Amino acid sequence: MTAPPDCTVIVPTYNRSALLRHTLDSLARQRLAPGGTFEVIVVDDGSADDTAEVVAGYRHRLDLRYFFRKDEGYRVAAARNTGIADARGGICVFVDSGVLLHSGALAAHLAAHRGAEGPIAVTGYVHCFNEGNEDGEQILREIDFTDPDASLRRFTEQRRWPDLRESYYARYGEDLGALTAPWLMWWTCHVSADTAQLRRVGGFDEAYRSWGAEDVDLGYRLHRAGARFVLRRDASSLHVPHPKSYLDNMASAAANYRYFARKFDTPAARLVPDHHFEEIEDILRSRGLAPGAVTDHFGTVTRLVDRADDKAAAEGSSR
């Protein structure tokens, strides 16, 4: 009987075959410890492009399975649940189409889980992730797709396009296990968790049918179930830029954030719809709901969408 793989990489996708190809290339370059193995599950949420053909081209390079789901609208939560249900590895690593992993990223995830005393939720480091495709063309010119490791090393040395959450880590520290709401930074573009615990907490909530919050929701439940959150900078990656709109994404996420707040109805959950994620830990501290003193940045960070709303209101009142 074949031994199960050490981890299962779950990649949801929809009409992004070019981005998916980059991700699969990076997975084919992974270096695990001798004897280490992993599998890849690609869950296609109804693509009409050549995604199936692209995936088929990697079957000789990866232990890969492909699931196709009929297009019934945005169902990334359900797609990831398909991967969780069929995962053979004890650890699930979630990676989005267009994320290029460093060749040692999976080894770093596995080392983190093996070194932990209980279940953990690992946050990988994601260079070049942007909110509105800012610097997208320049980043694309700078990435060496034949050697992502070299690009990651160069960007790190030059301190260019760091993880969008870098300011959060600088503000609160990198010991996520000491924070009250570390689940705010567990974004499934590149994270991992224990497969058995993912199943126990029910996986992703499939009620999320538009962009945003399905990963925060699952992270919240993992935290409540006792998972300790861990940042692994050596589980590093690049997020390949692609066209997107920050304001459109925030408009899509707004209803999801309200659903999240109603669903859990806790002090922390109720802050999510109307506050910048970086502010929430400080707000909880200011109200005596989290240990530690508020930081020097408390009250200084505002969401871009709020600034846009304020600008539009000011322009409207001046007419």
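Quick summary incoming for the structure in this document. (Residues numbered from 1 in each chain as written. Predicted model: local features only at pLDDT ≥ 70, side-chain atom pairs only at ≥ 80, totals over all residues. Heavy atoms only, no water.)

1. With respect to the sheet that holds strand 2 (residues 38-44)
1) Next: A sheet is described by the order of its strands in space; here eight strands give the open sequence 3-2-1-4-7-6-8-5, paired in mixed fashion. Each edge of the sheet is formed by a strand with only one pairing partner; in this case those strands are strand 3 (64-68) and strand 5 (99-101). For this sheet, the mean angle separating the axes of adjacent strands, direction not counted, is 30°.
2) Next: Where strand 1 (residues 7-13) and strand 4 (residues 91-95) come together, four bridges link them in parallel fashion. Bridging across to strand 4, Thr8 finds its partner in Cys92.
3) Next: Across the sheet, helix 6 (residues 148-158) lies against strand 5, strand 6 (120-127) and strand 8 (228-239), angled at about 110° from strand 8, the strand it touches most. (Pairing = 2+ DSSP bridges. Helix = DSSP H or I, 4+ residues; strand = E, 2+ residues; numbered from the N terminus. Axes fitted to C-alpha atoms, helices over the stretch in contact; angles between N-to-C directions. Contact = heavy atoms within 4.5 Å.)

2. As for the pairing of strand 3
1) Next: Note: strand 2 against strand 3, five bridges, orientation parallel. Across the sheet, residue Asp44 finds its bridge partner in strand 3, namely Phe68.
2) Next: Regarding topology, helix 2 (residues 51-56) serves as the crossover connection from strand 2 to the parallel strand 3, and that connection is right-handed. (Right-handed = clockwise from strand over helix to strand, strands pointing away.)

3. A few points about the pattern of salt bridges
Side-chain pairs of opposite charge can arise where the charged atoms are in close proximity.
1) Next: A full pass over the atoms with the stated rule returns 22 salt bridges.
2) Next: Of the charged contacts in the structure, one is a salt bridge between Asp217 and Arg221, with a shortest N-O distance of 2.8 Å. Taken together, the residues Asp217 and Arg221, both in helix 9 (residues 214-224) and four residues apart, mark about one turn of the helix.
3) Next: The exposure class assigned to Arg221 is buried, which follows from its relative accessible area of 14%.
4) Next: Close ionic contact of Asp217 with Lys263 constitutes a salt bridge, the shortest N to O distance being 2.9 Å. Separated by 46 residues along the polypeptide, Asp217 in helix 9 and Lys263 in helix 10 (residues 246-264) bring together distant segments of the chain.
5) Next: The class of Lys263 is partly exposed, set by a relative accessible area of 33%.
6) Next: A single network of salt bridges, built from pairs that share partners, joins Glu39, Asp63, Arg65 and Arg88. (Salt bridge = Lys/Arg side-chain N within 4 Å of Asp/Glu carboxyl O. Buried < 20%, exposed > 50% of the residue type's maximum accessible area, 1.4 Å probe, protein only.)

4. Some details on the packing of aromatic side chains
1) Next: Taken as a whole and judged by the stated rule, the model has 14 aromatic pairs.
2) Next: When the ring of Phe94 is compared with that of Phe204, the centres are 5.4 Å apart and the planes differ by 90°; the resulting orientation is edge-to-face. Separated by 110 residues along the polypeptide, Phe94 in strand 4 and Phe204 in the loop between helix 8 (195-200) and helix 9 bring together distant segments of the chain. As far as the burial class goes, Phe94 and Phe204 line up, both buried.
3) Next: Ring pairing ties together the aromatic residues Phe94, Trp186, Phe204 and Phe229, which thus form one cluster. (Phe/Tyr/Trp six-rings, centres within 6.5 Å; stacked < 30°, edge-to-face > 60°.)

5. Focus: the side chain of Glu278
1) Next: With respect to the helices and strands, Glu278 occurs in helix 12 (residues 277-286).
2) Next: Despite its burial, Glu278 pairs with no opposite charge, the nearest such side chain being Arg171 at 4.2 Å.
3) Next: At 2.6 Å, the side chain of Glu278 forms a polar contact with the side chain of Ser167.
4) Next: Every residue in contact with Glu278, bar those within four places of it in the chain, is listed here: Leu164, Ser167, Tyr168, Arg171, Tyr172 and Val301. (Lys, Arg positive; Asp, Glu negative; His and termini not counted. Polar contact = N/O pair within 3.5 Å; in protein donor to acceptor, adjacent residues only side chain to side chain.)

6. Notes on the nonpolar core
Soluble, globular proteins show a tendency: their nonpolar side chains are buried together.
1) Next: Of all hydrophobic cores here, the largest spans 72 residues; its most connected members are Leu24, Leu27, Val40, Trp183 and Leu222.
2) Next: The dominant element in this core, judged by the number of residues it contributes, is helix 10, at six residues.
3) Next: Filtering out sequence-adjacent residues up to four positions away, Leu24 remains in contact with Val40, Val42, Val55, Tyr58, Leu62 and Leu64.
4) Next: Listed in part, the 10 residues of the second largest apolar core include Leu19, Cys128, Ile143 and Trp161. (Core = buried A, V, L, I, M, F, W, Y, C linked by side-chain atoms within 4.5 Å.)

7. Some remarks on helix 1 (residues 17-28)
1) Next: Under the 1.5 Å per step criterion, the end-to-end length of helix 1 is 16 Å for 12 residues, consistent within 8% with the ideal 16 Å.
2) Next: Regarding helix 1, the residues found buried are Ser17, Leu19, Leu20, Thr23, Leu24, Asp25, Ser26 and Leu27. (Expected span 1.5 Å × (residues − 1).)

8. A word on unusual backbone geometry
1) Next: Its identity as a non-glycine residue notwithstanding, Ala213 has a phi of 85°, on the positive side.
2) Next: With respect to the secondary-structure elements, Ala213 resides in the loop between helix 8 and helix 9.
3) Next: Its identity as a non-glycine residue notwithstanding, Asp265 has a phi of 50°, on the positive side.
4) Next: With respect to the helices, strands and loops of the structure, Asp265 is situated in the loop between helix 10 and helix 11 (267-271).

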